Amino acid sequence: MKQLFLIISLFVLNNINAQKPCEFSTDVKDSLGTYKSTKDYLMYEHNFGSKKDYIYFSLINTDGMPSLNVQFINKDSGFVKAKCLNSKSKIYLQLNNGKIITLIHEEKDDCGTLLMDDKKNNVRVLSGAFLFPKGSIEELKTSPISFIRIKFSIDTEDYVMSKSLVSEMDSKAYNPNNYFIDYIDCVR
């Protein structure tokens with residue numbers, strides 16, 4: 001009976017700690033190289049009145065080089081302030097184990113695009129790719145994220161990562177603090 005309990009316990013623990021299945025939005029192999037991108041994953045959502053802010057992460061592998069794509073979406077019935085990324089932009093990931101990982105922007109200046117949705121709300125969309133420093137992927141695989149600081153060209157913004165997030169937009173459940181633990185191996 002003890003052996004059966006031990007086997008069941010190991011099976012359950014293995015499934016709990018296993019990586020989530022990889023879902024790709026793009027997976028291309030051709031004569032120019034390879035490119036893989038995971039589906040967008042909601043990391044942060046804040047809705048207050050007519051103002052809505054979202055941050056999505058996706059992992060990318062271009063010819064064997066992993067990177068993080070970050071998409072910021074800001075929506076408001078009024079003016080939406082521009083946020084810009086430039087060569088000095090960085091993302092600081094503070095892990096639960098106390099370590100801080102600094103991701104470097106790919107050096108492409110961008111202030112996003114301002115659009116208008118069907119309800120006449122202003123929507124600003126900004127995307128940027130960030131590179132992982134050597135050895136950081138192993139750290140991200142072992143410890144959840146507790147805090148993210150994003151340095152834009154002018155501003156710096158901080159975001160506390162939650163263990164679970166149920167989106168008001170799509171009613172899906174997300175686990176932002178375990179994002180890298182669950183998905184980093186998809187692009188390794």
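Refer to the structure above for everything that follows.
Residues numbered from 1 in each chain as written. Predicted model: local features only at pLDDT ≥ 70, side-chain atom pairs only at ≥ 80, totals over all residues. Heavy atoms only, no water.

Caption draft 1: Structural detail: the overall build of the chain. Along the backbone of the chain there are 3 helices and 13 strands. A buried classification covers 38% of the 188 residues belonging to the chain. In the chain, 58% of the contacts between residues at least 6 apart in sequence involve partners at least 24 apart. On the chain, roughly 11,300 Å² of surface is accessible, and the fraction owed to carbon and sulfur atoms is 55%. (Helix = DSSP H or I, 4+ residues; strand = E, 2+ residues; numbered from the N terminus. Buried < 20%, exposed > 50% of the residue type's maximum accessible area, 1.4 Å probe, protein only. Contact = heavy atoms within 4.5 Å. Areas by Shrake-Rupley, 256 points an atom, 1.4 Å probe, with all protein chains shown as cover.)

Caption draft 2: Quick peek at the pairing of strand β5 (residues 65–76). When you tally the buried positions in β5, you get 10 out of 12 residues, the bulk of the element. Between the antiparallel neighbours strand β4 (residues 51–62) and β5 lie 2 residues, among them Asp 63 with a positive phi of about 50°. Summarising the sheet, β5 and strand β9 (residues 122–131) pair through 10 bridges and their orientation is antiparallel. Looking across to β9, one finds that Leu 68 is bridged to Phe 130. (Pairing = 2+ DSSP bridges.)

Caption draft 3: Region of interest: the environment of Lys 88. Following the sequence through the fold, Lys 88 ends up in the loop between β5 and β6 (90–95). Separated by 65 residues in sequence, Lys 88 and Ser 153 have C-alpha atoms that sit 6.6 Å apart.

Caption draft 4: The nonpolar core, seen in detail. By size, the foremost hydrophobic cluster in this structure holds 38 residues, and its most contacted members are Phe 57, Leu 59, Leu 68, Phe 132, Ile 148, Tyr 179 and Phe 180. Among the elements that line this core, the one with the most residues is β4, at 5 residues. (Core = buried A, V, L, I, M, F, W, Y, C linked by side-chain atoms within 4.5 Å.)

Caption draft 5: A look at the pattern of salt bridges. This structure, assessed with the given rule, holds 10 salt bridges. A salt bridge links Lys 51 to Asp 53; its shortest N-O distance comes to 3.9 Å. For Lys 51, a relative accessible area of 42% translates into the label partly exposed. Across the salt bridge formed by Lys 81 and Asp 155, the nearest N and O atoms sit 2.6 Å from each other. Of the two residues, Lys 81 sits in the loop between β5 and β6 while Asp 155 sits in the loop between β10 (145–151) and β11 (156–160), which places them 74 residues apart along the sequence. (Salt bridge = Lys/Arg side-chain N within 4 Å of Asp/Glu carboxyl O.)

Caption draft 6: Just the side chain of Ser 136, in detail. Here Ser 136 shows up in helix α2 (residues 136–142). Among the polar contacts made by the side chain of Ser 136, one reaches the main-chain carbonyl oxygen of Pro 133 at a distance of 2.7 Å. (Polar contact = N/O pair within 3.5 Å; in protein donor to acceptor, adjacent residues only side chain to side chain.)

Caption draft 7: Region of interest: a nonpolar patch on the surface. A contiguous nonpolar surface patch, about 250 Å² in accessible area, is contributed by Met 65, Ile 104 and Leu 131. Structurally, Ile 104 is set in strand β7 (residues 100–105). (Patch = residues over 30% accessible without salt bridge, like charges linked within 9 Å, V, L, I, M, F, W, Y side chains within 5 Å.)

Caption draft 8: Up close: the packing of aromatic side chains. According to the stated counting rule, one finds 10 aromatic pairs in the structure shown. Consider the rings of Tyr 41 and Tyr 174, whose centres lie 5.2 Å apart with planes at 90°: the pair is edge-to-face. Pair noted here: Tyr 41 is in strand β3 (residues 41–48) and Tyr 174 is in strand β13 (residues 173–174), with a separation of 133 residues, a long-range link. Residues Phe 57 and Phe 180 carry aromatic rings whose centres are separated by 6.1 Å and whose planes lie at 50° to one another, so their mutual orientation is tilted. Placement of Phe 57 in strand β4 and of Phe 180 in helix α3 (residues 179–183) is noted, with a sequence separation of 123 residues between them. Both residues of the pair, Phe 57 and Phe 180, count as buried. Joined through ring pairs, the aromatic side chains of Tyr 41, Phe 57, Phe 132, Tyr 174, Tyr 179, Phe 180 and Tyr 183 make up one cluster. (Phe/Tyr/Trp six-rings, centres within 6.5 Å; stacked < 30°, edge-to-face > 60°.)

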